[in-house]
Every structure is written in C-alpha cells, then in structure tokens.
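Results of the structural survey
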2 protein chains.
Amino acid sequence: MTDTVKLIMAQINPKVGDIQGNVDLILETLEQAKQKEAELVVFPEMTITGYPPEDLLLRDGLYSQVEAALLKIVNASQDIACVIGYPMMDELGERFNMAAFIADGELLASYVKQNLPNYSVFDEQRYFNSGKQDCVVNYKGIKFGILICEDIWKISPAAQAKQAGAEVLLTLNASPFSQEKHQDRLDTLAHRVNETGLPIVYVNQVGGQDELVFDGGSFAVSADNDVCVQAPEFVENLCEVNFIKQQDSVVMVPGEKAELFAEEARIYQALITGVRDYVGKNGFPGVLLGLSGGIDSALTLAVAVDALGAENVEAVMMPFRYTAQISQDDAAEQANIMGVNYQSIPIEPMYQAFEMSLQATLAVGEPDITEENLQARIRGTLLMAMSNKNGKMVLATSNKSEVAVGYSTLYGDMVGGFSPLKDVPKTMVYQLAKYRNSISQVIPERVITRPPSAELRPDQKDQDSLPDYDSLDAMIKAYVKQDMSPQQIVEMGYEESEVRRVIRLIDRSEYKRRQSAPGVKITHRAFGRDRRYPITSGYKE
Amino acid sequence: MTDTVKLIMAQINPKVGDIQGNVDLILETLEQAKQKEAELVVFPEMTITGYPPEDLLLRDGLYSQVEAALLKIVNASQDIACVIGYPMMDELGERFNMAAFIADGELLASYVKQNLPNYSVFDEQRYFNSGKQDCVVNYKGIKFGILICEDIWKISPAAQAKQAGAEVLLTLNASPFSQEKHQDRLDTLAHRVNETGLPIVYVNQVGGQDELVFDGGSFAVSADNDVCVQAPEFVENLCEVNFIKQQDSVVMVPGEKAELFAEEARIYQALITGVRDYVGKNGFPGVLLGLSGGIDSALTLAVAVDALGAENVEAVMMPFRYTAQISQDDAAEQANIMGVNYQSIPIEPMYQAFEMSLQATLAVGEPDITEENLQARIRGTLLMAMSNKNGKMVLATSNKSEVAVGYSTLYGDMVGGFSPLKDVPKTMVYQLAKYRNSISQVIPERVITRPPSAELRPDQKDQDSLPDYDSLDAMIKAYVKQDMSPQQIVEMGYEESEVRRVIRLIDRSEYKRRQSAPGVKITHRAFGRDRRYPITSGYKE
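Source: prediction; values computed, not measured.

1. With respect to helix α11 (residues 369-390) of chain A
Along an α-helix, a turn takes 3.6 residues, which lines up residues three or four apart on a common side. Here α11 of chain A spans 32 Å end to end across 22 residues, near enough to the 32 Å set by a 1.5 Å rise per residue. Counting buried residues in α11 of chain A gives 19 out of 22 residues, a clear majority hidden from the surface.

2. A few points about the domain arrangement of chain A
All names here are of chain A. Looking at the assigned domains, one finds that chain A contains domain 1 (4-260) and domain 2 (264-465). Spacing between the C-alpha centres of domain 1 and domain 2 amounts to 40 Å. Residue-level contacts link 14 residues of domain 1 with 13 residues of domain 2. Taken together, domain 1 and domain 2 are joined by 1 salt bridge. A salt bridge links R266 to E233, with the nearest nitrogen and oxygen atoms 2.7 Å apart.

3. Remarks on the packing of helix α9 (residues 348-357) of chain A against helix α9 (residues 348-357) of chain B
Between α9 of chain A and α9 of chain B, the shortest axis-to-axis distance is 8 Å and the interhelical angle comes to 180 degrees. Between α9 of chain A and α9 of chain B, the interaxial angle falls into the category roughly antiparallel. On α9 of chain B, the residues touching P349, M350, A353, F354 and S357 of chain A of α9 of chain A are P349, M350, A353, F354 and S357 of chain B. Taken together, the residues of the contact of α9 of chain A with α9 of chain B sort by class into 8 nonpolar, 2 polar and no charged.

4. A few points about empty space enclosed by the protein
Over the atoms, a rolling probe the size of a water molecule traces out where space has been left empty. Within this structure, the stated rule accounts for 10 cavities of 30 Å³ or more. Counted as a void, the largest cavity has a volume near 530 Å³. What lines the largest cavity is a set of 27 residues, among which R514 and R529 of chain A together with R514, G528 and R529 of chain B lie closest to the centre.

5. Considering the relation of the copies chain A and chain B
Superposition record for chain A on chain B: RMSD 0.0 Å, screw rotation 180 degrees, translation along axis 0.0 Å. Between the two chains, the operation in question is that of a two-fold axis. When C-alpha distances to the rotation axis are compared across chain A, the minimum falls at Q515 of chain A, with a value of 2.0 Å. Both copies present the same face, since 100% of the interface residues in chain A are matched by interface residues at the equivalent positions in chain B.

6. Observations regarding the interface of chain A and chain B
Contacts between the two partners involve 83 residues from chain A, matched on the other side by 84 residues from chain B. Taking both partners together, chain A and chain B bury about 7,100 Å²; carbon and sulfur atoms supply 52% of that area. Among the ionic pairs, K389 of chain B bridges to D368 of chain A, the shortest N-O distance being 3.1 Å. Where chain A packs against chain B, one counts 51 residue pairs in polar contact (both at pLDDT 80 or more). Listed by contribution, the elements that provide at least two residues to the side of chain A that touches chain B are α2 (60-75), α3 (124-127), α6 (263-281), α9, α10 (359-362), α11 and α19 (510-514) of chain A.

7. Things to note about the sheet that holds strand β8 (residues 168-173) of chain A
All names here are of chain A. An order of β6-β7-β8-β9-β12-β13 is seen for the 6 strands of this open sheet, with the pairing classed as mixed. This sheet does not close on itself; its edge strands, each paired only once, are β6 (136-139) and β13 (227-230). Each strand of the sheet is rotated relative to its neighbour by a mean of 20 degrees, with strand direction disregarded. Bridge count for β8 against strand β9 (residues 200-204) is 5 bridges, and the pairing is parallel. Bridged to L169 within β9 is I200. Against the sheet, helix α4 (residues 156-163) contacts β6, β7 (142-148) and β8, and its axis sits at roughly 160 degrees relative to β7.

8. Focus: the pairing of strand β16 (residues 287-290) of chain B
Here is the key point about a regular strand: its side chains alternate between the two faces of the sheet. All names here are of chain B. Here β16 shows two buried faces, one formed by V287 and L289 and the other by L288 and G290. Bridge count for β16 against strand β17 (residues 313-317) is 4 bridges, and the pairing is parallel. Counterpart to L289 in the pairing with β17 is A315. In terms of strand pairing, β16 meets strand β19 (residues 393-394) through 2 bridges, oriented parallel. Residue pairing across strands places V287 opposite M393, the latter belonging to β19.

9. Looking at the UniProt feature "binding site: deamido-NAD(+)" (unreviewed entry) in chain A
Residues and elements named next belong to chain A. On the UniProt side, "binding site: deamido-NAD(+)" (unreviewed entry) is annotated at positions that read N373, E402 and K512 here. For E402, a relative accessible area of 8% puts it in the buried group. E402 has contacts with D296, Y407, S408 and K426, leaving out every residue within four places of it along the chain. Mapped onto the fold, K512 is located in helix α19. In this structure K512 comes out as buried when scored by relative accessible area, which is 13%. Once residues within four sequence positions are removed from consideration, K512 is found in contact with G406, S408, L410 and M414. For K512, the side chain forms a polar contact with the main-chain oxygen of S408, separated by 2.7 Å.

10. Overview of unusual backbone geometry
All names here are of chain A. Along the chain, Y51 connects to P52 via a cis peptide bond; the corresponding omega equals -5 degrees. Within the secondary structure, P52 is located in the loop between β2 (40-42) and α2. The residue D459 is not glycine, and still its phi comes out positive at about 55 degrees. Topologically, D459 is positioned in the loop between α14 (445-449) and α15 (462-465). Looking at D459, the relative accessible area reads 69%, which means it is exposed.

What counts and what doesn't
- Residues numbered from 1 in each chain as written.
- Chains lettered and ligands numbered in written order.
- Predicted model: local features only at pLDDT ≥ 70, side-chain atom pairs only at ≥ 80, totals over all residues.
- Heavy atoms only, no water.
- Helix = DSSP H or I, 4+ residues; strand = E, 2+ residues; numbered from the N terminus.
- Expected span 1.5 Å × (residues − 1).
- Buried < 20%, exposed > 50% of the residue type's maximum accessible area, 1.4 Å probe, protein only.
- Domains from an automatic or database assignment.
- Contact = heavy atoms within 4.5 Å.
- Salt bridge = Lys/Arg side-chain N within 4 Å of Asp/Glu carboxyl O.
- Axes fitted to C-alpha atoms, helices over the stretch in contact; angles between N-to-C directions.
- Parallel < 35°, antiparallel > 145°, perpendicular 65-115°, else oblique.
- Nonpolar A, V, L, I, M, F, W, Y, C, P; charged D, E, K, R; others polar.
- 1 Å grid on protein atoms, 1.4 Å probe; cavity = no way out; pocket = protein on both sides within 12 Å on 5 of 7 lines; lining within 4 Å.
- Points joined across faces, edges and corners; volume = space filled by probe spheres on them.
- Least-squares fit on C-alpha atoms with pLDDT ≥ 70 in both.
- Buried area = accessible area lost by both parts, 1.4 Å probe.
- Polar contact = N/O pair within 3.5 Å; in protein donor to acceptor, adjacent residues only side chain to side chain.
- Pairing = 2+ DSSP bridges.
- UniProt positions renumbered as here; feature names shortened; annotations may be inferred.

Okay, here's the thing in structure tokens:
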C-alpha cells in the first residue's frame, strides 16, 4: 500500500443532453487518468448529462439512458476510481441530483445533493428533491466526503461530512462564470476550510451552454487554506492533486498552479468560450455579422475570430446615406487585419422600395424611429438571407447598455442566433476592445476613440438620446444588478429626472429583451433566465 | 345577531405591479360589497400586487408599498371584513405569500401559504418561504379556515384547518387557465370536501398577464359536494355566497350559478381575454396584423376584433407573385365583414430590390428557404414600420403546430408583440374558426375549407413538408405535453421515420421559440416559461 494518493480533477466540457458523447468523454478521461497513474478522478456536477439539462430532466427516457451510462462507467472503473455526477429518478418518480463513488467495478456509495439552488439562473427545485445524508467513502486509506456545488456554499453539509469522519472534501460543481465568481468561490471555500479544518477539492465544469459559460478554474485548497493546485480557466484540463497519508492526517501536496486571467482577459475568455461552444455544439459552420464601423460590432468580430478562426467568420458592411466614410474605411480595415471574408451591400435600393410602398404610412408626421428602424430591419433581413443560404449563424452585436434601455431595433440589429455582448455594458465594451488591441492591434484606433453613433439619421450620436455611458452603466448596474430604488440611485449623484427616465426605459424594454437572442452571462445579474420580469407591469418605485 | 352571513367572491382583474391601481380596485370592491350588505369579501391570491409579479418580488421597494396598501385596506374595513392576498418580507429578508383576514379596522389574522408551486409556469420557491400554520378566524359566528391556491391541491392544509376547528374553507387563488383546468379544480375540491366535510369557497383572479390568462370562474361547494354558487368565467364579478349559521353547523345556501362555456367557446374566451389585457394593460392604442387569406390570420383577426373592437384593429394584405387571387379576395372579404381598416401592399418592389442586392448570395444553388423567408421578412418589416408610425401593436399569427416544428419565419411572420394562437394547435384553429362562425359568419367559408398553404412558392401546400395536421398535432401533444418517447408515439400508430422527423423538428426549433412573442397558454404545457428546454442539446431518445 502506497502512502500517497493521486487524484485528478477532471475539468471537462460535456454537452447538455448528449449522454453518449459525454460517456465517451468520461471513459476517455478515465483512460488518460490511468496513464497518469492516478487513483481517483473527480468529475463535475451532473457529468453524464451536462449542466443544466433544464426540462430534459422531466423526460423519463433520460433516466434509463443515464442508468445505462452509469453501468458503462462502473464497468470501466477496474483500475481506477471516480466520483461522477448524474440525475436519478426513484420508483416513486422523485428526482435527485446525485454523485456516485465508483471503484473496482462497483458503485461504492452515492450522495444526494442537499442544497438545491432556485435563484438567479437556477431552477433546481423545479426538478429535484433534496438529500439529507452525508456520504463519506474510505478509499485507499483516505476518507473522502462528497458534496455537490451549492452544498459547499452552506455551512452544514461540510460540517456534517466532517462529523462523519471525512478527511478530504470533494465537491462536484457546475458553477457558471460571472465577473466576481472566482473570488466568491475562494472566499467561500476559505470559510469551509476554516470551519472544518479539511482540505477541499473543487472541480468545475468548463464550456458554454446557451446563456451560461462555465469557467473551469478547478482548484484544491489545503487544510491550511493554501490554494495548492489551480487548474487553468476556460479549457478542458486534467489536473493532479496529490495527498500524503500520514499517521493521523492527510496532507495535500502543493502541485501545479495555472496562472489566472486578469479581469478583462477573463471576461474576454468567457465571451470566446460562449461563442465557440454555442456555434460548435449547435453545429453551425461559422458566423456572420454586420460590421458597422462602430465599437460593438468591432469587438464582436474580434471575439468571433478569436473563438472560431477567421476562416469561419464573415463580415458585411451595409452602408446607407448616413454611414460616414470613416465607418466604411474602419470596417474594411478591421476585416482586412483579421483576414475575414468581407463584403459591402448598400441598403439604399431596399430602403427606397420600402419608402415608396409605405408612402401613405410614412407621410404621417415627421421622420422618426420608423425610418431608423427600417434601416436596421433591412440590414437584419440581408444578414438572415445570407445566413439562410450558407448556414452560418448571425451574431447580434448589441451590448448590455443598449439591451437595458432598448436602444436597439427588434428584428433589426437584434437579429441573430447569439448575442455575445448582451451582458457586456458599453463601458466594458471599450475596456475589452483596448484589452484585445493590447495583444495585437485588430480594432482600428479610431473605432475606439470616435463618439459612438448608430448612424440612423444625420449627425446622430448615442449621447443625443442617452446619458453618457459612464453614468448610464452605473445606473443600470444599480437598478438591475443591485435592485436599488430610484431614490438610492439619485443619492449616488444623478439627476432625478435622468434616473427616472433610464428606469422607465429599462422597464419598458422588457418586451424587446424577451425576443432577444441568448448571450453570455458575465455579470451577477444578466438579462434572460437570470432576471424574470413581467412584460405587463404597472410597478413604479 | 343575524343567522346568515353574506360573503362576496371578489373575482377581480388586478394589474401586476400596479399597487396603487389595485388598491383602488380593492377599495371600490369593498364599497360595492357594502352596498350589497355583505359581511365578508374574499379576494384572489396576491390581490395587492396581482399574480405573478415574478422578479418584482425581489425588489425591496415592493414590500413597503404593499404595507402601505394594506394599511389603507385595513382602514377601509370599518363596516366590512375581507380576506386579501399579498407578499410580505420579514426583518430577515425572508419572503412569504400571505393572506390577511381584515375586519373592523384591524388585521385580525394572517396566513402563510404552505405549498409553493415550482413547476410548469410557477417559480414560487424562487421567491418565498413556506408557512406551516393553519389560520382559522371566527367571524360573525363562523370559523373560516384560510388557504392559498396550491394549498387546496394537497390534502394536509385543508385537514389541518379542519383540525383547528374550521367550519368553512376560503381559498384565494391565481389559477391560470388551461383547457382541462376547470374540471381539475372541481375534482380537487370534491376530494377536499369529502376529506373534511367542509364547504369551500374558491375565489380566482380573472384577466390576462403576459402568457397567462386567469379564467375566474370562482365557485363555492357545499359540504354535500354541490356547486352551490358559480361565478361567470373571464369577467370581473362580485358573486354572493350565503351561509346559514345553525345550532352545530354552517350551511351554504344555493345561489346564483352562471352558465359555463363549452370547450371551444372557453378557449376562444381565453384568447380574447389574453389579447384584450395584453393590449390594454400595456397601453397600446390597438393592433395590426398581416391578413394572408389563410386560416391562422383569419382567426387571429376575429379574436382581435372580438377583444378590442373593429375600430382598434387594422389588417394588411401583402400579396406577392405566389399569392392566389382567392387569398386576396377572402382577406378583403373578411376585413369588410368585420369592418376593420384594410389595405393591400404588394411586396414585389422590396423583393426585387433584395434580389438584386443579394444577387451573389442567391446565385448559390437553387431557390430554397432563403427566398421564402425573404418574403416573410419583408412583410414583417412592413408591419413593424406601420406599427412604429401609428403605435398599434403587431399580432403574430403562428399557431402551436407551426411554433412546435418551426414552420414559420423568425423576424418574418413571427414578428409581433403578442401571438394569440401560439398555444393553439392547427386542428383547434379550425375548430375555433368554425365555432366563431357559428355565432356569426365572419370568416369566409373558403378560408376554412381550402388546403392550408404558406404561399411562399408556386403551388405550395403545408402538407408537402408536414404530416397531415391531425397526425402532426397528435404527435406534438404526445411529445410536448405528455413527454412520451418516440417509441411510445410510434405505438400510437405513426411511422417511425415520421415520428423521428417531427421530434427532430420540435427539438431543433427551440432557438426560434426563444425569440418568439408571448402568447396565451391554453394547454397543459405551452411553449414559453411552461417548457424550459435548452437550445443547445444533444439529447436523443
């Protein structure tokens, strides 16, 4: 018997619902772990189905497939142990979020998740009943206590496992990315380590799933609260954690520590991951987008190329009479720098055809939002036609500030299968553009420095109808993320009329957001499943 | 002291979030009840906020407004008692779904909902903690036990109230309509009456709220399980329920019984209510829609006119080279019969402009879905331009069969703020059209009898690319509503290849549905919040 135990944190990227594919990935991972002479592999939460399977969990057929998958994994565990996550349904039809400890061709023990998150993007109480029991498994002379995701965010499941004799805590996670999440996890685990005196192994899923990106970044914390091992973020990784079994204790050995991303790089990686996996897992041959010469489409193009490669990205400039020459020059320049297929299609002929056919309608009153939206919808229609013909998916380019206040055209620039910047405030769009250019200059400098404009009427500037973006983003953050009242926001130093106007715009744009494409959640509260507001609402504060 | 107690079931139509407006409605209702010399008024669940307020419940400001509202109601209860529903937040920030018994200027007692639904369209565990205590109030010599909505669907809260001495059960509800719901409620209450031997008063909210319609239909069941009183469906109503207090018991007196709608009439009323309240509560001056000469837009027009009046509805025919003359004749005829503003705008000029500008794109391969979608998107853009100019909201006209299999164009015929037929299967569209014509002939007979066609290419028929609608709707029901496996559906008597094709279409169309307008839920499982499927999914059965 050896004095050391080698564990692998299997930070993998499953595809939701693809049970066969996920099992293949799991078995391959076990093989690789054997080659590394590991004793134990810990997988993320709900490994077999991927997370979150949402209402697929309501289909009975899922559970027989999961059982068959589990059997395959049990059979493959001859020379290696693993802890694996999956959903289970019992004879009474009750469902549970489970983890099994599998070794030597046997399912040694299983654990039922105790804390079921039902806030933010999570709906686990829609599907699952909660467990009550600890699960501590003595394997290779070490007592491993098993926990699943939300369990580690509460005090009691860890305390219960310690009480039951656990010497090491293993936690299986599907913890979605948001800006502050990494620090939150560190802080939370520090509490658990301090309370229990136990080392903790935290294994996270990686990859994009609709609105969510899982950042990976699995890590292991010693009983002294040192991060001994750190897996890289945003990539699949098999990362070793070694334990030495001593007389009366188990010691976690310092190992590899991947360098972590700084804030902007991390968000950029989340965007890339979200785009790459939405496109890849849905089988699109690539993407196309409208490139306007503005900052949002410029950043979206950079993200798309970094995610998918220039050969899979197309950009289309669709100029009109209000499009500045510098917009066209800058768009062409960026497309050229990034090496993407680029074309320019003026929208004048379509606009004139609509103008003629809508003569009676447009004659009523002065030109207004109608004429502006028409331009945006012609562009949307052009992009969708190209998409229909070549199969490439359209990327929408709206940022969070626009999505919040409805500064975008439904069925116009909101057209697309995925909306990478949906949760990125405009001020962060600038920061990310500068960050990306600091690696290599792909966005023409002028795109970053010129005043933002939708170019839908002569000499239009965003700031003609919106507060400056620093103020706007601060107000959006206060109202949407922090649920602050108008009064509290005024006390931050903004004009009351301005605050009320922004809030009214946010409230009134819910109907547009309901029809918007999914995008990557990067903040604590994104639009989408994270924020479920009624469209019809008479609420005022 | 009187031997009888008169209770009013206050079947009202609050607006979600409009606390001031709802309080006004409540106070006015109390006044009317006083004029009817009632002793007690029972309101629906969450009366003060309307139901469901969704994430408005996460805003602290809501609770201070609710408290102020409650105080006003308490002050107005000098000569009348009421039971009223509202959300409450305690000092610890825990939230509860409550009911208060208010009388003589005092809040006599309050009840916390015990069973919090978290399935289907419901997310109550996202917001609330559950109660444990019964609440029985002795008023005018009768012991009233209070329950809230989901409580009555379980055995224990009613049993607990009986145990605590209740002689009558009052249940406050916000129970959304679906086809079978009325019978489900009757059956459920029969169980509770049989178990407890108590009469039950069931008060339901009425009106539309985004995807949901509340059908009202409040009723009261005696201890002998007779429906003694029945309020009408789909309208606001104050309905009396009288009790006679005897030596040792309380007897419910048979009262008014409104006639109930038959199945098709009931669904039609739900559609009308949904449209009327979405348009009205969101302040639109009316609606417009594309009238194609087909059955879906014909029924949508009838619903819109019945909901809003002809003067608030506009219809637009947008013919193209594939539009049959009979389509144009039938559209014009229906518009004329129904007395709505009608115009015809041929889309040929826009189509030609797009065709020219997209020459390089369209030259690749044979004409396909690209050219078809282009027609639909030009129409969508025309409708949105008119909507932008005159403020009327666009109604989308897709039915559930199309929404299920994706037989509709995103940003084309899916354009609109509301989608009345979204949950109405094509076969039911025909039934409803015939039902509506049985009242008065508003849909030209030929629209109902001719084979359905999208008219997007020469001689196109829906059945060229879809199974016949009887089969299609049966398969959709089996897969979507009943979660049946492909194998089970094949066993119903369908070809395996056909079943697999339909299921694949349903699965693959999730991305389109995610960007669709809300529509009225009329079935046990509607698309929308009722069915939360991942877009990215590798699941196969």
